[in-house]
Amino acid sequence: MNHNKQQSSDGGHDDDAALSDFLASLMDYTPTIPDELVEHFLAKTGFQSPDLRLTRLVAVATQKFIAEVASDALQQCKARQATVVRDKRDKLQKDKRLVLTMEDLSKALHEHGVNVKHQEYFADSPSIGMDPASRDE
C-alpha cells in the first residue's frame, strides 16, 4: 500500500518538474501573438500578473485555439466544396482555390463552443444597394 502511494508522489514530482521546465522554456519562446496584445486583453478582463511566463502561456493557448479553429474551418470548407453538384464541379476543376466562408468559420467555432451570430447581408461599402442618384450626396 505504501509502495503505491510512493509511485503516485513520484509521478506528481515528475509532473511538477515537467511543468517547471515548460514554464522556464516560455521565457525563451517568442509567441506569434505579441505579449503586449495578450496583456491588453488580460487587463480588459481585470487580470494582471507581473509574471511574463503567464502571459506567454495564455498566448500559446490562444495560438493553439486559433490554429485548431482554422484547421476545422478548412475541413468544413473542403467538405462543403466536395458536395458541389457534378456539373458545377467540372467548371471548378480549373480553379482549385479554397474560399473560407463565414458559414465554414461559424461551424468550426460552434464545434469549440463559440456561437457566432452574423448579419445575413454584408456590403462591401455603405453605398452598395443605394440608388445611384443618392450616392453622390
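Definitions and cut-offs
- Residues numbered from 1 in each chain as written.
- Predicted model: local features only at pLDDT ≥ 70, side-chain atom pairs only at ≥ 80, totals over all residues.
- Heavy atoms only, no water.
- UniProt positions renumbered as here; feature names shortened; annotations may be inferred.
- Helix = DSSP H or I, 4+ residues; strand = E, 2+ residues; numbered from the N terminus.
- Buried < 20%, exposed > 50% of the residue type's maximum accessible area, 1.4 Å probe, protein only.
- Contact = heavy atoms within 4.5 Å.
- Areas by Shrake-Rupley, 256 points an atom, 1.4 Å probe, with all protein chains shown as cover.
- Polar contact = N/O pair within 3.5 Å; in protein donor to acceptor, adjacent residues only side chain to side chain.
- Expected span 1.5 Å × (residues − 1).
- Axes fitted to C-alpha atoms, helices over the stretch in contact; angles between N-to-C directions.
- Parallel < 35°, antiparallel > 145°, perpendicular 65-115°, else oblique.
- Left-handed = near helix turned anticlockwise from the far one by under 90°.
- Nonpolar A, V, L, I, M, F, W, Y, C, P; charged D, E, K, R; others polar.

- Where an unreviewed UniProt entry is consulted, the chain appears under the name Transcription initiation factor TFIID subunit 10, with the organism given as Lithocarpus litseifolius.
- As its UniProt record puts it under Subcellular location (unreviewed entry), the chain is described as follows: "Nucleus".

### A word on the overall build of the chain
No. 1: Broken down by element type, the chain carries six helices and zero strands.
No. 2: Ordered by position in the sequence, the α and β elements of the chain form the string α-α-α-α-α-α.
No. 3: Across the 137 residues that make up the chain, the buried fraction comes to 12%.
No. 4: Expressed as a percentage of contacts within the chain between residues at least 6 apart in sequence, the contacts between residues at least 24 apart total 59%.
No. 5: As presented, the chain carries roughly 11200 Å² of accessible surface, and 56% of it is formed by carbon and sulfur atoms.

### Quick notes on the side chain of Asp104
No. 1: Here Asp104 shows up in helix α5 (residues 102–111).
No. 2: Looking at Asp104, its side chain comes within polar contact range of the side chain of Thr101, at 3.1 Å.
No. 3: Not counting chain neighbours up to four residues away, the residues in contact with Asp104 comprise Ala73, Gln76, Cys77, Arg80 and Val99.

### Quick look at helix α3 (residues 52–82)
No. 1: Along its 31 residues, α3 runs 45 Å from first to last C-alpha, staying within 8% of the 45 Å computed at 1.5 Å per residue.
No. 2: Those residues of α3 that sit buried are Thr55, Arg56, Ala59, Val69, Ala73, Gln76 and Cys77.

### Some details on the packing of α3 against α5
No. 1: With their axes 8 Å apart at the nearest point, α3 and α5 run at an angle of 130 degrees to one another. Our classification of the angle between α3 and α5 gives oblique. For the pair α3 and α5, the crossing hand works out as right-handed. Along the contact surface, α3 presents Phe65, Val69, Asp72, Ala73, Gln76, Cys77 and Arg80, while α5 presents Asp104, Leu105, Lys107, Ala108, Leu109 and Glu111.
No. 2: Among the residues making up the contact of α3 with α5, the classes are represented as seven nonpolar, one polar and five charged.

### Side note on the side chain of Arg56
No. 1: Topologically, Arg56 is positioned in helix α3.
No. 2: Those residues within four positions of Arg56 in sequence are excluded, and the remaining contacts are Leu26, Met27, Asp28, Tyr29, Pro31 and Asp35.

### Quick word on the packing of helix α2 (residues 35–44) against α3
No. 1: Packing of α2 against α3 leaves a shortest axis separation of 9 Å and a crossing angle of 90 degrees. Our classification of the angle between α2 and α3 gives roughly perpendicular. For the pair α2 and α3, the contacting residues are Asp35, Val38, Glu39 and Leu42 in the first and Leu52, Thr55, Arg56, Val58 and Ala59 in the second.
No. 2: Taken together, the residues that form the contact of α2 with α3 break down as five nonpolar, one polar and three charged.

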